[in-house]
Amino acid sequence: MMHSIPFNRPFLIGRELEYLNEVCVSGRLAGDGPFTRQVHAWIESRCSTPRALLTHSCTAALEMAALLLDIVPGDEVIMPSYTFVSTAAAFALRGAVPVFVDIRADTLNIDETLIEEAITSRTRAIVPVHYAGVSCEMDSIMSIARRHGLRVIEDAAQGVMASYRGRPLGSMGDLGAISFHETKNIVAGEGGALLVNDDALGPRAEMIREKGTDRSRFLRGEVDRYTWQEVGSSYLPSELVAALLVAQLERADAITQARMAIWNAYHEAFERTEADGRLRRPIVPDNCQHNAHMYYLILPPGRNREAVVGALRGAGVQPVSHYVPLHSSPAGMRHGRAGGDLSRTEILAQRVLRLPLWPGMQDHDVNRVIEAVTVRV
Ligand SMILES: *Cc1c(COP(=O)(O)O)cnc(C)c1O
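Conventions and cut-offs
Residues numbered from 1 in each chain as written. Predicted model: local features only at pLDDT ≥ 70, side-chain atom pairs only at ≥ 80, totals over all residues. Heavy atoms only, no water. Buried < 20%, exposed > 50% of the residue type's maximum accessible area, 1.4 Å probe, protein only. Helix = DSSP H or I, 4+ residues; strand = E, 2+ residues; numbered from the N terminus. Contact = heavy atoms within 4.5 Å. Polar contact = N/O pair within 3.5 Å; in protein donor to acceptor, adjacent residues only side chain to side chain. Pairing = 2+ DSSP bridges. Axes fitted to C-alpha atoms, helices over the stretch in contact; angles between N-to-C directions. Right-handed = clockwise from strand over helix to strand, strands pointing away. Phe/Tyr/Trp six-rings, centres within 6.5 Å; stacked < 30°, edge-to-face > 60°.

Novice: Give a detailed account of helix α9 (residues 239–249), specifying residues and quantitative values.
Specialist: By the criterion of burial, α9 is predominantly enclosed, with nine of the eleven residues buried. Where α9 is concerned, the buried positions are Glu239, Ala242, Ala243, Leu244, Leu245, Val246, Ala247, Gln248 and Leu249. Buried residues along α9 sit against α1 (16–26), α2 (34–46), β1 (52–55) and α10 (252–269). N-capping of α9 is provided by Ser238, with a side-chain oxygen placed 2.9 Å from the backbone N of Leu240.

Laid out in structure tokens, this is it:
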């Protein structure tokens, strides 16, 4: 019996166990120790942000963003419907209304030309989501935001090591959120970070992450005791998470190269299949450098995705489909609303299929996926 090829496998690449052991032996397990400082320095340099804060997840970083921008009940936040739950949930948690805008047919990112129509007097922020590590059209989005006095929070969960016109994803909005979940490129199990690109937000961001206290200032010797200053929570992970992450970050270039080799192998192999009209390959605009986060196919209209998934499973390949558009989900219907027509979202979300891709994937497995797709799609 052939083994089945999963869509993802968390990949340990270097000194993870060594660093975890170091933390255990040190007896210093709480956060913001030496490994967390290394993580912050790496993100600040590689993601070009003045201030990075490690969090439990990208979801937590988005929740911090909503607190930091004083999002209150009734505020509207513009975002795509074609995204992961957290993009909307983090703002709905503060009582805000997610306003869903349709996506572009090429990148499946929010269609920047439709954003302005969705703006009302209650709009506070725009949350572009960089799907598959391919950037949204950030120049247009930033200029719309500036024109209307709105904040921009980049959901760059999938975007570590990717860029737009040479600028790292997550570094262009007022705030950016990245993820180190085990399904992302660089993994900590669960983990994420808030990128505080607007310097003025730095001091409050630090307090919100530390239960609303000025403990970080106390630890730097800037105040002689710390106390409750803000509404905040505990968004600060243990050193164990940071230690695992440092081992991954040290090999971030190797991880990206390994993913890119597989992505390119798929892309080349499916050129013919695309020319035959049997699938559409991902489109990466010239001004975007992607990070090979995801290889997906778009099936032709009318092709039954469940049948294709079944056929691929039969050939020992585990593809996945995602997302249920948020405007059609139970919570999305209760908390959010459509900000215009969402027909591209509805049509395309039913046609996407993600293929297996992780850095340690062997050539023979990549070839098996290629063959299965070529024969069965
Ligand atoms: C994975 C993901 C998230 C959530 O990341 P976590 O670190 O698991 O909280 C949010 N938004 C998008 C677009 C994602 O892909």
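Novice: Pulling in residues and values, what's your account of the sheet that holds strand β3 (residues 97–101)?
Specialist: Strand order in this open sheet of eight strands is β1-β9-β8-β5-β4-β2-β3-β12, and the pairing throughout is mixed. The open sheet terminates on both sides in strands that have one partner only, identified here as β1 and β12 (337–338). With two bridges joining them, strand β4 (residues 123–126) and strand β5 (residues 151–155) adopt parallel strand pairing. Among the inter-strand pairings, Ala125 is bridged to a residue of β5, identified as Arg151. Of the strands in this sheet, β1, β5, β8 (175–179) and β9 (192–196) are in contact with helix α3 (residues 58–68), which crosses β8 at around 165°.

Novice: Describe in detail the pairing of β4, supporting the description with residues and values.
Specialist: Note: strand β2 (residues 76–80) against β4, three bridges, orientation parallel. The residue bridging Ile78 from the neighbouring strand is Ile126, located in β4. With respect to chirality, the unit in which β4 leads through helix α6 (residues 138–148) into the neighbouring parallel β5 is right-handed.

Novice: I'd love a proper account of the sheet that holds strand β6 (residues 163–164), names of residues and values included.
Specialist: What links the strands of a sheet is backbone hydrogen bonding, and the strands pair in either a parallel or an antiparallel sense. The strand order across the open sheet built from three strands is β7-β6-β10, with neighbouring strands paired in antiparallel fashion. In this open sheet, the two strands that pair with only one neighbour each are β7 (167–168) and β10 (288–289). Relative to β10, β6 is paired through two bridges, and the arrangement is antiparallel. Paired with Ser163 across the two strands is Gln289, which belongs to β10.

Novice: Account for the packing of aromatic side chains, naming residues and giving values.
Specialist: Within this structure, the stated rule accounts for ten aromatic pairs. Seen in terms of ring centroids, Tyr131 and Tyr296 are 5.5 Å apart; in terms of plane orientation they differ by 50°. Their pairing is tilted. Note that Tyr131 is positioned in the loop between β4 and α6 and Tyr296 in strand β11 (residues 296–298), a separation of 165 residues in sequence. With a relative accessible area of 2%, Tyr296 lands in the buried category. In textbook terms, an aromatic cluster arises when at least three aromatic residues are bridged by ring pairs, as seen for Tyr82, Tyr131, Tyr296 and Tyr323.

Novice: Tell me about the side chain of Glu206, residues and numbers included.
Specialist: Secondary-structure assignment places Glu206 in helix α7 (residues 202–209). If near-sequence neighbours (up to four positions away) are discounted, Glu206 is found in contact with Arg51, Leu53, Ser216, Arg217 and Arg220.

Novice: Provide a residue-level description of the environment of Leu195, including the pertinent values.
Specialist: Mapped onto the elements, Leu195 comes out in strand β9. On the basis of relative accessibility, which here comes to 0%, the residue Leu195 falls in the buried class. Between the C-alpha atom of Leu195 and that of His290, which follows or precedes it by 95 residues, the distance is 19 Å. Contacts of Leu195, omitting those with residues within four sequence positions, involve Ile43, Cys47, Thr49, Arg51, Leu169, Gly170, Ser171, Asp174, Leu175, Gly176 and Ile178.

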